[in-house]
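# Coordinate analysis (summary)
Next come the chains, spelled out residue by residue.
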Amino acid sequence: MKALGIVFRKELREIVRDRRTLMAIALAALATPLVLIVISQVSTKTATQTYTIGYSGQIPTGLDILLSATGLKLEVVADPAAAAKQQVDLGVAFLPAEIDEYYDPTRQSAQIADTRLQTVLGQYNAAKAASALQQKGIDPGLLNPLPQKIHPLSSPAKAAGNAFLSFFLPYILITMVLTGGLSAALDSSAGERERKTLESLLLTPAPRSRILLGKILAISLISLVAAVAAIGSMLLALTQIPLLGSRVSLSPLAAVVMVWLAILLAGSFSSLTLALGTLAKNFRQGQAYATPLYFITIFPASIILFIPDFNPNLAYYLIPILNAVLVLRDAIVHDSVAWPALAVTTASLIATGLICWFTALRLFTREALLVRS
Amino acid sequence: MSPAAVKIERLEKTLGKNKVLRGISLEANSGEIFGLLGPNGAGKTTTLRIISTLLAPDAGSVEVLGFDTRAAPEEVRRRVGVVTADIGVYPRLSARENIRYFAELSGVLDGELERRVDAVLTRLDMASFANQRAESLSSGQKQKVAIARAIVHDPEVLMFDEPTSNLDVLASREIRGFMVESRGRGKCVIFSTHVLHDAERLCDRITILHEGSVVATGLTAEVRGAHRDLEDAFLELVDK
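So, here's what we can say about the structure. This structure is a prediction, so every number in the text was calculated from the model and none was measured. (Residues numbered from 1 in each chain as written. Chains lettered and ligands numbered in written order. Predicted model: local features only at pLDDT ≥ 70, side-chain atom pairs only at ≥ 80, totals over all residues. Heavy atoms only, no water.)

The accessible area lost on association of the parts is a frequent measure of interface size. On the side of chain B, 31 residues touch chain A, which itself brings 29 residues to the contact. In total, about 2900 Å² of surface goes out of reach between chain A and chain B, with carbon and sulfur atoms giving 56% of it. For chain A, the biggest contributors to the area lost against chain B are A:R17, A:L203 and A:P205; these three give 23% of the whole. The interface formed by chain A and chain B includes 6 salt bridges. Its salt-bridge partner being A:E199, residue B:R49 comes within 2.8 Å of it at the nearest N-O pair. Where chain A meets chain B, there are 12 residue pairs in polar contact (both at pLDDT 80 or more). Every element with two or more residues in the side of chain A that touches chain B is listed here: α1 (2-16), α8 (190-195), α9 (198-202) and α15 (368-372) of chain A. Per-class residue counts for the side of chain A that touches chain B are 11 nonpolar, 3 polar and 15 charged. (Contact = heavy atoms within 4.5 Å. Buried area = accessible area lost by both parts, 1.4 Å probe. Salt bridge = Lys/Arg side-chain N within 4 Å of Asp/Glu carboxyl O. Polar contact = N/O pair within 3.5 Å; in protein donor to acceptor, adjacent residues only side chain to side chain. Helix = DSSP H or I, 4+ residues; strand = E, 2+ residues; numbered from the N terminus. Nonpolar A, V, L, I, M, F, W, Y, C, P; charged D, E, K, R; others polar.)

Have a look at this one:
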């Protein structure tokens, strides 16, 4: 096992001296807080922004005050339908007995203005109806025969924050574990061939499996450092930047689950990228081989975005990467872990890592590696 | 007479669709420079790669100091040092770190490590650039690093595969001097080259390969025979 340690130390020394890898880690650590600041500002701006309603006709008494208080500005237009296409966010024609509303669903501003208008109109209609009933001596409670009392089991703001984390964090984890060590993996495999050091390395009596394992461990470590740097800076930023109306934080359980999954993913990704790099004659060719990995890995991470309430059965936890995303999502959203799901996920990721390791070893020990070079 | 340091018998090797070696046999001894000669594509590099266990033979056998390359590859690699024309080094490591890395992987013990590295740095006159990163070294300096890493574990068998093909006159002369010095230390030096003039000056015995077969073997003077030089002898041997 001595050779393993020797290779591990040498690879780490080279990685630490490689500007490309260090820059990638530093950029990731800086980029995530910047992205959060942008998201925070956009969400704040969206919540406080005033939208314009272009209207015609006579506004019912008091409605203009309610609209104005909800961030909806009124502007007289000749044709509300035409104005709603571009000039204003929403078009409304106040007719004697009804209200005609025009809006373009492809515009996000129109959707937000519509939601606000529906809320205001609901309140206005309810108030008017209650007032009319009261004037006739009838209890306005008649309008609300089943009064509803809501008891949220956790803070809605915290839940919204967790939902955000449950998408964003697995996404960053997977991308950073993959990309954080990619440059080092290609340098350590395709780079060895390109620099013509591979033959000398294989001429040493050190067993090739140990050489490969030393490389994988060094790359895994740097992938973990990259992921931890990106996620750490993100969590630190979240303590300072209000997001969705509250400060978001990661529970200790979710943090432990995240680190465990990161270790498992790093082992698999390192073996896989080393195997791909071993197939390549040079660094550039290795990058070309590794490019599809981005899509393959990002797709499962994105599934949470498209199907937020995806509740799979245990078999889904056999699918590598998707299983890590699901386990981490549950840990973040519910602050709990389904142990069978975690066990299946762990077994699946270890099996994936072993398959990648054997593939890398087979490629690393084949004669064609030297003959082609 | 002591047994041969390297003994090859009826060695065959096919790479892809090419039959590169067609049953070659040869022996190289300790304390001599043995020339493995032939034009490009004759099978010289493949032979050296099989001796150093990088490639496995399809048929025949190779023994290095009594160890079979297939049965005990790690023992063979422990006793062999190879210098090639490719002077690849780890650019972000210093010359000293490059050498130390290979010494450690070759099994040089911790207590011996720095002494061995220092000794080889002194022997090859590398002290002035030992702590410089390899990326900033000249070709000649890199070649010295390549030699140093091949000999730092003090192997009994040294193989040089076209070692001077990328070097200038001065650096080439240093390499030749080093081969002669190693012979003086009792090492078995195998010198593979297509430059017959170099071989004629250095080698005690030679084997000429052509299209994967041995076309001549023996003392350098014997192979040259009555010809003006080795080149003329070679041309006659391959009927050109």
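Turning our attention to the sheet that holds strand β4 (residues 99-102) of chain A. Residue and element names in this part refer to chain A. Pairing is mixed across the open sheet formed by 4 strands, whose spatial order is β2-β1-β3-β4. Across the chains shown, the open sheet's two edge strands, defined by having one partner strand only, are β2 (72-76) and β4. Each strand axis lies, on average, 25 degrees off the axis of its neighbour in the sheet, ignoring direction. (Pairing = 2+ DSSP bridges. Axes fitted to C-alpha atoms, helices over the stretch in contact; angles between N-to-C directions.)

Residue and element names in this part refer to chain A. Helix length check: helix α2 (residues 19-48), at 30 residues, gives a terminal C-alpha distance of 43 Å against a target of 44 Å (1.5 Å per residue), a fit within 8%. Inspection of α2 places T21, I25, A28, A29, T32, P33, L36 and S40 among the buried residues, and these make up the whole buried set. The opening residue of α2, the one whose side-chain oxygen lies 3.2 Å from the backbone nitrogen of R20, is D18. (Expected span 1.5 Å × (residues − 1). Buried < 20%, exposed > 50% of the residue type's maximum accessible area, 1.4 Å probe, protein only.)

Residues and elements named next belong to chain A. Here D104 lies in the loop between β4 and α5 (108-135). In the structure, D104 is positioned 12 residues away from R116 in sequence and 15 Å away in space, judged by C-alpha atoms. Those residues in contact with D104, other than ones at most four positions away along the chain, are A84 and A110. Among the polar contacts listed, one links the side chain of D104 to the side chain of T106, at a separation of 2.7 Å.

Everything listed here is a matter of coordinates, which is why it stays silent on function.
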